[in-house]
Amino acid sequence: MSHTYVYSFGAGEADGSGDMKDVLGGKGAALAEMTLAGIPVPPGFTVTTQVCNLYSAEGSVPPAVREEQSAALAALEDVSGRKLGDPDDPLLVSVRSGAKFSMPGMMDTILNLGLNDRSVEGLAVKTENRRFALDSYRRFLQMFGNVVLQIDKDVFEHELTAIKKERGVVLDTELTTQDLAQLVETFKARIKETSGEEFPQDPLVQLDMARDAVFRSWNNERAAFYRRQNEIPDDLGTAVNVQAMVFGNKGPTSGTGVGFTRNPSTGDHEFYGEYLLNAQGEDVVAGIRTPHPLADLEREMPEVYKQLREITGRLETHYRDVQDFEFTVEDGRLFMLQTRAGKRTAQAAIRIAVDMVSEELITKEEALLRVDPEQLDQLLHPRIDPSAEVDNIATGLAASPGAAVGKIVFDSHAAVEAAENGEKVILVRMETNPDDIRGMDASAGILTATGGMTSHAAVVARGMGKCCVAGCSSVEIHEKDGFFKVGDRRFERGDVITLNGSTGEVHAGAVPTLEPEMSGEFEEFMSWADSIRGMRVRANADVPKDAEQARAFGAQGIGLCRTEHMFFAEDRIPWVRQMILNGPTAKSLAKRVAALEADLADAGGARKGMLEAALKDARAALAEPQRLFDEAVAAMLPLQREDFRGILAAMEGLPVTIRTLDPPLHEFLPNKEELAIEVALLEAKGGNASELESKKQLLRTVEELSEFNPMLGHRGCRLGISFPEITQMQARAILEATAALLKENVRVFPEIMIPLVGDVREFRHQRALVDQVAQDVAQSTGVDLPYLVGTMIEVPRAALTADEIASEAQFFSFGTNDLTQMTYGFSRDDIGKFLFEYLDLGILDRDPFVSLDQGGVGQLVSGAVAKGRGARPDIKIGICGEHGGDPRSVDFCFRNGLNYVSCSPYRVPIARLAAAQATLRHQKEDAERA
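These numbers were taken from a predicted model, which means no experiment stands behind them.

This next bit is on the pattern of salt bridges. In the structure shown here, the tally under the stated rule is 69 salt bridges. Between Arg82 and Asp89 there is a salt bridge, with its nearest N and O atoms 3.0 Å apart. In this structure Asp89 comes out as buried when scored by relative accessible area, which is 17%. The partner of Arg797 in a salt bridge is Asp759, with the nearest N and O atoms 3.7 Å apart. Within this pair, whereas Arg797 is found in helix H28 (residues 796-800), its partner Asp759 is found in the loop between strand S30 (749-754) and helix H27 (760-781), the two being separated by 38 residues in sequence. Arg797 sits in the partly exposed class, given a relative accessible area of 41%. The structure contains a network of salt bridges with shared partners spanning Glu564, Arg659, Asp662, Arg715, Asp818 and Arg828.

The next thing to look at is unusual backbone geometry. Only a minority of non-glycine residues have a phi that is not negative, and only a minority of peptide bonds are not trans. Despite not being glycine, Glu128 has its phi angle at roughly 55°, a positive value. We note that Asn745 has phi near 65°; this positive angle belongs to a residue other than glycine. Take Asn745: it is sitting in the loop between helix H26 (724-743) and S30.

Taken in spatial order, the 8 strands of this closed barrel run S27-S28-S29-S30-S31-S32-S33-S34, and their pairing is parallel. Neighbour-to-neighbour, the strand axes of the sheet open up by a mean angle of 25°, direction not taken into account. Of the pairings in the sheet, the one linking strand S27 (residues 536-540) to strand S34 (residues 900-903) comprises 4 bridges and is parallel in character. Bridged to Arg536 within S34 is Tyr900.

What follows concerns the nonpolar core. By size, the foremost hydrophobic cluster in this structure holds 121 residues, and its most contacted members are Phe567, Phe812 and Phe814. In contact with Phe567, other than residues within four places in its own chain, are Arg572, Ile573, Val576, Met579, Met636, Gln640, Leu661, Phe668, Met729 and Gln730. Core analysis: the next-biggest nonpolar cluster, separate from the first, contains 62 residues, Val47, Leu134, Ile151 and Tyr226 among them.

A separate point is the sheet that holds strand S1 (residues 6-10). Reading across from one edge, S2-S1-S3-S8-S6-S7 is the order of the 6 strands in this open sheet, with antiparallel pairing throughout. In this open sheet, the two edge strands, each paired with only one partner strand, are strand S2 (13-14) and strand S7 (109-113). Inspection of the sheet shows S1 paired to strand S3 (residues 44-47) by 4 bridges, in the antiparallel sense. Its bridge partner lying in S3, Tyr7 is registered against Thr46.

What follows concerns the packing of helix H21 (residues 573-602) against helix H22 (residues 605-650). Axis separation between H21 and H22 bottoms out at 7 Å; the angle between their running directions is 150°. It follows that H21 is roughly antiparallel to H22 by the angle criterion. Handedness of the H21/H22 crossing: left-handed. Grouping the amino acids of the contact of H21 with H22 by side-chain chemistry returns 23 nonpolar, 5 polar and 8 charged.

On to the side chain of Thr432. By secondary structure assignment, the location of Thr432 is in the loop between strand S18 (425-429) and helix H17 (437-442). Since its relative accessible area comes to 4%, Thr432 is described here as buried. Every residue in contact with Thr432, bar those within four places of it in the chain, is listed here: Met440, Ile446, Thr448, His456 and Ala457.

About the thresholds
Residues numbered from 1 in each chain as written. Predicted model: local features only at pLDDT ≥ 70, side-chain atom pairs only at ≥ 80, totals over all residues. Heavy atoms only, no water. Salt bridge = Lys/Arg side-chain N within 4 Å of Asp/Glu carboxyl O. Buried < 20%, exposed > 50% of the residue type's maximum accessible area, 1.4 Å probe, protein only. Helix = DSSP H or I, 4+ residues; strand = E, 2+ residues; numbered from the N terminus. Pairing = 2+ DSSP bridges. Axes fitted to C-alpha atoms, helices over the stretch in contact; angles between N-to-C directions. Core = buried A, V, L, I, M, F, W, Y, C linked by side-chain atoms within 4.5 Å. Contact = heavy atoms within 4.5 Å. Parallel < 35°, antiparallel > 145°, perpendicular 65-115°, else oblique. Left-handed = near helix turned anticlockwise from the far one by under 90°. Nonpolar A, V, L, I, M, F, W, Y, C, P; charged D, E, K, R; others polar.

Below you can see the structure in the form of structure tokens.
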């Protein structure tokens, strides 16, 4: 099969076209398109992305590429009337990268290629400008040495700075012809000294070496990092664009610039950019000279400015998007070097999309597809001022977006106390636990040394809208001594740090931040999304405040209310601990009583008397722990009822899914190691005997409840089966709150969700308890209760037997955090230790706790949906793991027919837009199939 590896463009003709980005890269496709449109573009040719992949695989380009490149070069020489390497009138070219997706600044460029010791003299004579020729040569040597020969750019900058200092000048343009000639010789000497080879004088060798260097730059560290951050596949490769040079550094009637057809920061419809006279492209962005705003070009070169406005206006209309363009003016003649869709802030993206719809450039549907849902995060959280200087000390996982500045604290009590005094703090922990909930709420941000994207810190922070950096393993925390270290740097309690939860970066000191802004355009834009999307969006929220925030962001209900977070309030924890300390004891003794009663029924004679005595003692032993357990459960009922009343009322008219108690009981008890130390200290000091006995009993209970693998232990529905009183209490609290609100004409729709079901018999047991309580509450209140009972699908076996479970359950909600954990066998709290390595090596494409693993976990979800709907066609199905706010996962959920996704409140707008985009893509696919 024959391939075309090289495509030419120039003189109004092009082998390629604008729809060939896969082959020509974005830049090459745009150059072909502009050429065909009659826009002044310097001629050239593009070596395709396929050649990059061949080079990466083989370490060289095939002979066929060399043959096509030679033919394309000959055609370029013919069009331009010059020859590469001609000692009298040389053709000079630029060699630039150009991938399918724009990766600004990530790969390499070489300008002025073709110069050597002979052709530089010809260029000087031809242009009658020896200074210009030497300036072009020294720039080429500098770029070639750095990009192609891998010589540190500081080697060349050092020499350039030295000669300017010696001459007493500041700008490159102040150097004389003699100075530049000296620099050329110095640069060539440094190249030989550093690389061990003479600078290559053969322009064809230069071209091949430059082409291969650009291919290598596809895999440089910054390009690989950029692709990971922007989810650009590694196998796309970059094209290489070889283009005849035009010179902006020939004198005062020449120049170069970059610009945008609209302001990429604000979205304002204004001509935006900068330029420099007597300069080449890199001078504008290098910061050596201060560029002028494009508006000044109208005064300095009115005809060029007029032509530039006309061409860029045509380009925006043609591409129907904001254009980021580069241009060069050579002796008063304008050339366009590049155009591409302009990168823009979230604020600008929304403004531009809405404006272009009103200008009838694009449709509402196209506008919705133009904005990356993840960009909306910028609008919902404070963010680091992009112009601020930062002192980055560490990088962890970007667990919850936004920016936070505050003083370091190491425990929740200190965070709460500081917040009450009006101070902003950053809570720094090895990893947070449920006890930290108040401290997390009081903090501006959270930093943890361990844990992953679905760790406690990450999940709770996202729900609260707090900035969080998790799994920052380079941070060595000494909590008791009140400091942490990163390398040889030490940060004390009270020192100020800044977190960037959108990048995972930790900065020393206070970095300026920008507050989020919501515009009228944002509301209009999101209304378009809501009118199109075919899937509902709910929020995960545990308290009325979060529910109200979610509703303000457009949530259509609560997809997950975690009841365990309610148990940690100061007025609850004593009752919770009383329930835990006495429940297992009462259960054990109750079994003993039941066994003795069974034995007694068949006993006679002396044995009967012994059994009666034992039964009496067992009942006596059971009485007190049973009373205390029942008392605690009863005390929790009114507290839980008020909890549920608040969150149901906040979501009036919308469904609220409430999960019954899920975590292992030991999470509500003190830390075992700390408790053991307290006991040891009391014993050593001869402390209060009553206190010592109480602590010992507590320690015994903690040890009894301790599990080797609590995530797979006595939790979820297993707790409800062992202690049905807890399920009954929570169901009663939910349903009594529902009845009370309905009597007040507040429409509420509770959905009671049983967690961690792996067998239909577990669910059947728990649903029977809920239904019996519902019957009792309906009877006692006279209210018809509109409730559903369903389950979380988070155990792989539940997904595999979804048809059986659907015969009993009225809804499914995929708990994809645990489903991912159990399917992969990854601990979501420990994956941070090796996640970056897995991503770097390509073992994982992305964090499976952030974006759903569609090939593995996704199969379980798809199969469960099919089985569930097969058994119960009208079953309601959603997702409530953190994946519910990930655009890629939202698309998967839509394609698999889920009714809704649920995510943290601050991800709701992202999910709304992602759901609309999924609908539009699905409609397009249907239309194409038809």
